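Residue-level structure breakdown
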Amino acid sequence: MKCNNKQNFLGSMLVNEKVITREQLEKALQQQSIKGGMIGKTLVQLGYCSEDDITRVLASRAGVPFISMESFQVDPAAVATLSAEATRRYKALPVAFDGDKLIVAMQKPSDIMVMDDLRIMTGYDISPVVVPDTELEAAIEKYSRESMVVEPGEEESQLPEDFNADNVTSSERPAVQLVNMIMTQAVTAGASDVHIELYEKYMRVRFRIDGVLHDIMEPPRRMHASLVSRLKVMANLDIAERRIPQDGRMSLKIEGRMIDIRVASLPATFGERITMRLLDRSGKMLSLVDLGLEPDMLEKYRSLIRRPYGLVLVTGPTGSGKTSTLYASLDEVDRVGKNVITVEDPVEYRLDGMNQVQLNPKAGLTFASGLRSILRNDPDIIMVGEIRDMETARTAIEAAMTGHLVFSTLHTNDAPGAISRLLEMGVEPFLIASSLSCVVAQRLARTLCPNCKEPYELSRSELEKIPDFPLPQGEGKALLYRPKGCFRCSNTGYRGRFGVYEFLFADEKIYRMTLERKSAQEIKDAAVEGGMTTLRKNGLLKVMRGVTSLEEMLRVVL
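Residues numbered from 1 in each chain as written. Predicted model: local features only at pLDDT ≥ 70, side-chain atom pairs only at ≥ 80, totals over all residues. Heavy atoms only, no water.

An unreviewed UniProt entry lists the chain under the name Type IV fimbrial assembly, from Desulfocucumis palustris. Per UniProt, the chain carries the Sequence similarities (unreviewed entry) text "Belongs to the GSP E family." (UniProt positions renumbered as here; feature names shortened; annotations may be inferred.)

This is the structure in structure tokens:
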């Protein structure tokens, strides 16, 4: 029986470390001489040891730490220090930082030439670790993906449909690699915003996912200047100006999807912070059904937006989904037989059969001036991105009174507050009362992960302490759900979001109270008596159904 010295050496090490017995080694060598292959794989196939066992012994003999990728938290900033091509060529994956050293999972940690090459390419001293071969191969496949970046300065209209910036030669630089890694991970995670912040001793990157910020990575502080410069170049900002805020835009092509990004820089105590708002141009636009409206509210709202005239307002704080509701509403109107025109800042979605106007304050195109121009273009349906001042409010209301269906948004806490807000702007009560059809107030709450949410019970006495909670009939307890966390939801306990709504339909009672300049609270009380479901009640109903947790709902709706 013949076998090479390397295989004898590995087998002897495993026997000496008491991982396998001498008899098991002899049987493995016999089978290996018949079927061929490596002795290590033969031992694993026979069930005498695991791949982890072999790797641990090799790591111990080489004096190199052993890690398992299944339990190790890979730092994307570390991955970004080495190009995907080099990662695959050297079978080496940077996984974390240890002070000024870069921890690299390697297949051959004893190869001095590879170590020198990695040190030169990354700019860090290398601290090697050993992982099982199959885990390393899977990790390299997972983390060594290049994002496709539209180069700065190229106009969107000039980009060919099959543009692929993998060919960009500058992608070998660590700052470019880190930008690509951050943006790819943000899009994959479904983030709406990316925050890059510098502090006295560290830098961090956070993503806003489902409305909540999460710490994602802490790249080395020394990479901040090159990272910010790269982003400012891509967004056509002045890289030499660090004393004043700047705003810019860029486009990235990631995983075959075109992403529009608004970039804002802000001088801070320890250095500039960058905030990026992501808009997936290829994302599916939601319909009214997708929004999660209650069936009776959906039917009533649909009948209202099919009227030929009236004012429909959607209210809520920034990031509450107002724009999605407006677009879902416009998607249901007749865009073939009617002239639909919008004025927006910015145009976030594109709908066929609709004329969309982008705000341009520098050129004098504001919501007020844009709305006046729209009225000279024979519109049937108008959407104004936001009512910010009395001029816009008055023009929108007068348009609704003269045979146009007008959609717009306001920043108020609830639906009745929209009437008070318009009165505060200086709009006459009779104009509001004559034009207003409906006010929709809304919030976005996180949906419990269906894979890991766990049930628990609350007694009736505990439920009675929660104002407006819909108490179950004749039951002593209520079954609710709370977040737990699993790999599918990145251990947050939540996946996705849904809408919480409050509909105020302008009936005769609301008409009279508006004319009498009643307060928002008085209007709300009257609307509740008339059957209006408040934001809080709608949210607690979703809690009872197990859609979200009580803690999440109380966070979103006071």
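From this point on, the discussion continues.
**Some words on helix α2 (residues 22-35)**
The terminal C-alpha atoms of α2 lie 20 Å apart, and with 14 residues this matches the ideal 20 Å at 1.5 Å per residue to within 8%. If you check which residues of α2 are buried, you get L25, A28, L29 and Q32. Down the axis of α2, the buried set is contained in an arc of 105°. They therefore lie on one face. Residues of α2 that are exposed and point more than 90 degrees away from the buried face comprise E23, K27 and I34. (Helix = DSSP H or I, 4+ residues; strand = E, 2+ residues; numbered from the N terminus. Expected span 1.5 Å × (residues − 1). Buried < 20%, exposed > 50% of the residue type's maximum accessible area, 1.4 Å probe, protein only. Arc of directions from axis to C-beta.)

**Re the sheet that holds strand β15 (residues 405-410)**
Pairing is mixed across the open sheet formed by seven strands, whose spatial order is β13-β12-β14-β15-β11-β16-β19. The outermost strands of the open sheet, each flanked by one partner alone, are β13 (355-358) and β19 (494-505). Between one strand axis and the next, the sheet turns by 20° as a mean value, whatever way the strands run. Alignment of strand β11 (residues 310-315) against β15, held across six bridges, turns out to be parallel. Paired with G310 across the bridge in β15 is L405. (Pairing = 2+ DSSP bridges. Axes fitted to C-alpha atoms, helices over the stretch in contact; angles between N-to-C directions.)

**Remarks on the pairing of β11**
Along β11, six of the six residues are buried, which leaves the element largely enclosed by surrounding structure. Burial along β11 is two-sided: the residues G310, V312 and V314 and L311, L313 and T315 are all buried. Note: β11 against strand β16 (residues 436-448), five bridges, orientation parallel. Paired with L311 across the strands is L436, a residue of β16.

**Quick notes on the environment of R249**
On the secondary structure map, R249 appears in strand β8 (residues 246-254). Using a relative accessible area of 48% as the deciding quantity, one classes R249 as partly exposed. In this structure the C-alpha to C-alpha distance between R249 and V129, which are 120 residues apart in sequence, comes to 40 Å. Once residues lying within four places of it in the same chain are set aside, the contact partners of R249 are M234, A235, I261, R262 and P346. (Contact = heavy atoms within 4.5 Å.)

**Focus on the packing of aromatic side chains**
Under the defined criterion, the tally for this structure stands at five aromatic pairs. Ring centres of F97 and Y124 lie 5.3 Å apart, and the angle between their planes is 55°; on these two criteria the pair is classed as tilted. With a gap of 27 residues between them, F97 in strand β1 (residues 92-98) and Y124 in the loop between α7 (112-122) and β3 (125-130) connect regions that are remote in the sequence. Exposure class is identical for F97 and Y124. Each is buried. Measuring from centroid to centroid gives 5.1 Å for Y199 and Y202, while their planes differ by 25°, and the two rings are stacked. You can call Y202 partly exposed: its relative accessible area is 32%. An aromatic cluster of at least three residues, connected via ring pairs, comprises Y301, Y501, F503 and F505. (Phe/Tyr/Trp six-rings, centres within 6.5 Å; stacked < 30°, edge-to-face > 60°.)

**Points about the pairing of β19**
β19 sits mainly inside the fold: nine of its twelve residues count as buried. Bridge analysis of β16 against β19 gives ten bridges, and the strand direction is antiparallel. When the sheet's bridge partners are listed, A445 is paired in β19 with F498.

**Side note on the environment of V233**
Mapped onto the elements of the fold, V233 is located in helix α10 (residues 224-234). For the pair V233 and M250, spaced 17 residues apart in the sequence, the C-alpha separation amounts to 9.6 Å.

**A short note on the packing of helix α9 (residues 174-189) against α10**
One can describe the packing of α9 onto α10 by two numbers: an axis separation of 9 Å at closest approach and a directional angle of 70°. In terms of their interaxial angle, α9 and α10 are classed as roughly perpendicular. In contact with A175, V176, L178, V179 and I182 of α9, α10 contributes S226, L227, R230, L231 and M234. Residues belonging to the contact of α9 with α10 are distributed by class as follows: eight nonpolar, one polar and one charged. (Parallel < 35°, antiparallel > 145°, perpendicular 65-115°, else oblique. Nonpolar A, V, L, I, M, F, W, Y, C, P; charged D, E, K, R; others polar.)

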